[in-house]
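Read off the chains here:
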Amino acid sequence: MAIPHFGENRSPGLSDFNDLQKHSKVEAVKRIISEVAEPKGVKLICSTDMEPKAVAWLWKNWLALSKFHILAVMAGTGKTTIALNLAAVISHGGQWPDGTQCESPGNVLIWFGEDDPEDTLLPRLLMHGADQKRIYFISDIIENNTTRVFDPSCDIPKLYEKAAQMEAVRLIIIDPPSSMLFPVILIKMSKYAVLYSH
């Protein structure tokens, strides 16, 4: 509810927004109404306003949609191989490592900070049977009529916006996640899983 505020030196008889407009001009009325229309601070949601729902799985019990996952293994034990295999399975609707079928094939967006897409990642994806039409490598950011290299520490929101404009994005792979700021990865995803390979 919007309540007119006249300040500490309120004159007698001033009580409503008509008085506030005469006393402090229309800008004061607009400011108070905008503060009510766009509340600031922490928003709380009572659990009675929520409905329980099941997890939407991309790969049953392993890879959930609308969530982020961290693939953390020792260096040299195959994390890139695992990540690229998952990407390939999703791209062509193949079988998961447990033998079950990928029932929701789609597009995969990939950013690797250490490996070259053309001479390292793409050949490995093709060895796993990836559908090239569904594999997209994250490259540059275009803004203010200039192009710069994608920076995971500040460009993840832009990446999510781009993904939302595409159809059937199922997975986003970011490697290494140490190049990101932790609060950024808490952005809520709507349709796809996000895998941070570390």
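Quick note: structure is the one above.
Residues numbered from 1 in each chain as written. Predicted model: local features only at pLDDT ≥ 70, side-chain atom pairs only at ≥ 80, totals over all residues. Heavy atoms only, no water.

J.: How should I be thinking about the nonpolar core in this particular structure?
T.: Burial of nonpolar side chains together is a common tendency in soluble globular proteins. Grouped together as the largest cluster of nonpolar side chains are 23 residues, with contacts concentrated most on Trp-96, Val-108, Ile-110 and Ile-173. Those elements that place two or more of their residues in this core are β1 (57–59), α2 (79–92), β4 (107–112), α3 (117–127) and β8 (169–175). Ranked by size, the runner-up nonpolar core spans 12 residues in total, among them Ile-156, Ala-163, Val-169 and Ile-172. (Core = buried A, V, L, I, M, F, W, Y, C linked by side-chain atoms within 4.5 Å. Buried < 20%, exposed > 50% of the residue type's maximum accessible area, 1.4 Å probe, protein only. Helix = DSSP H or I, 4+ residues; strand = E, 2+ residues; numbered from the N terminus.)

J.: Looking at this structure, I do not really get the pattern of salt bridges. What am I missing?
T.: Side chains bearing opposite charge may pair, as long as their charged atoms lie close to each other. Going through the model one piece at a time under the given rule, you end up with five salt bridges. As a salt-bridge pair, Asp-131 and Lys-133 come within 3.2 Å of each other at their nearest N and O atoms. One salt bridge connects Arg-148 with Asp-155, and the closest N-O pair in it is separated by 2.7 Å. Among the ionic contacts, a cluster of salt bridges with common partners joins Glu-143, Arg-148, Asp-155 and Lys-158. (Salt bridge = Lys/Arg side-chain N within 4 Å of Asp/Glu carboxyl O.)

J.: Any chance you could explain α2 here in plain terms?
T.: Count 3.6 residues to each turn of an α-helix, and residues three or four apart come out pointing the same way. Here α2 spans 20 Å end to end across 14 residues, near enough to the 20 Å set by a 1.5 Å rise per residue. Across the 14 residues that make up α2, a large majority, 10, are buried. (Expected span 1.5 Å × (residues − 1).)

J.: Just checking my understanding: could you explain unusual backbone geometry for this structure?
T.: Peptide bonds are mostly trans, and most non-glycine residues show a negative phi. One non-glycine residue with positive phi stands out, namely Ser-66, at about 65 degrees. When you line up the elements, Ser-66 lands in the loop between β2 (63–64) and β3 (68–71). Of the residues examined, Ser-66 reaches a relative accessible area of 22% and is grouped as partly exposed. At Asn-144, a position not held by glycine, the phi torsion is positive, near 55 degrees. Within the secondary structure layout, Asn-144 lies in the loop between β6 (140–143) and β7 (146–149). Since its relative accessible area comes to 71%, Asn-144 is described here as exposed.

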